[in-house]
Amino acid sequence: MASVQKKYTALFEAASSVTSLQIKNMGTIGGNLCNASPAADSAPPLIAFGAKVKLVDAEKERVIPLEDFFVGNGVTCLSPGKS
């Protein structure tokens, strides 16, 4: 955790500011991003650090920039009808 705090301070601060103990203990970055909420604490620092997501299904695997993962409010490229 210290290496994340030192190298990715904004991400560490975002993760530390999550409000409830339950979310801190059970929530995941993947769940936070897949929810596609404009209030997602982890998304802005991850985008700023150039994060990419690896998407895998039965037919293919692809890696895309995180900013392309979000299509709209509550909608990701994983949503039905999105490519």
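Structure first, text after, so check above.
Residues numbered from 1 in each chain as written. Predicted model: local features only at pLDDT ≥ 70, side-chain atom pairs only at ≥ 80, totals over all residues. Heavy atoms only, no water.

Caption draft 1: Seen up close, the side chain of Thr76. Mapped onto the elements, Thr76 comes out in strand S4 (residues 75–76). A polar contact of 3.0 Å, which involves the side chain of Thr76, links it to the backbone nitrogen of Leu78. (Helix = DSSP H or I, 4+ residues; strand = E, 2+ residues; numbered from the N terminus. Polar contact = N/O pair within 3.5 Å; in protein donor to acceptor, adjacent residues only side chain to side chain.)

Caption draft 2: Seen up close, the pattern of salt bridges. Using the criterion set out here, one finds 1 salt bridge in the structure. Put simply, Glu61 and Lys54 hold a salt bridge, and the shortest N to O gap is 3.4 Å. The two residues Glu61 and Lys54 agree in class, both being exposed. (Salt bridge = Lys/Arg side-chain N within 4 Å of Asp/Glu carboxyl O. Buried < 20%, exposed > 50% of the residue type's maximum accessible area, 1.4 Å probe, protein only.)

Caption draft 3: Structural detail: helix H2 (residues 9–16). Those residues of H2 not exposed but buried are Leu11, Phe12 and Ala14. Projected down its long axis, H2 shows its buried positions confined to an angular sector of 165°, all on one face. Lining the buried residues of H2 we find helix H1 (2–7) and helix H5 (43–48). (Arc of directions from axis to C-beta. Contact = heavy atoms within 4.5 Å.)

Caption draft 4: Representation of the packing of aromatic side chains. The final tally for this structure, using the stated rule, is 2 aromatic pairs. Judged by centre distance (4.9 Å) and plane angle (80°), the ring pair of Tyr8 and Phe49 falls under edge-to-face. Here Tyr8 is found in the loop between H1 and H2, whereas its partner Phe49 is found in the loop between H5 and strand S1 (52–56), with 41 residues between them in sequence. Judged by relative accessible area, Tyr8 falls into the partly exposed class, the value being 31%. (Phe/Tyr/Trp six-rings, centres within 6.5 Å; stacked < 30°, edge-to-face > 60°.)

Caption draft 5: Summary view of the side chain of Ser42. In this structure, Ser42 sits in the loop between helix H4 (29–34) and H5. Among the polar contacts listed, one links the side chain of Ser42 to the side chain of Asn32, at a separation of 2.5 Å. When sequence neighbours within four positions are dropped, the list of residues in contact with Ser42 reads Leu11, Ile29, Asn32 and Leu33.

Caption draft 6: Structural detail: the environment of Ile47. Tracing the backbone through its elements, the reader meets Ile47 in helix H5. Since its relative accessible area comes to 32%, Ile47 is described here as partly exposed. The spatial distance from the C-alpha of Ile47 to the C-alpha of Leu11 is 9.9 Å, given a sequence separation of 36 residues. Setting aside residues up to four positions removed in sequence, Ile47 forms contacts with Leu66, Glu67 and Phe70.

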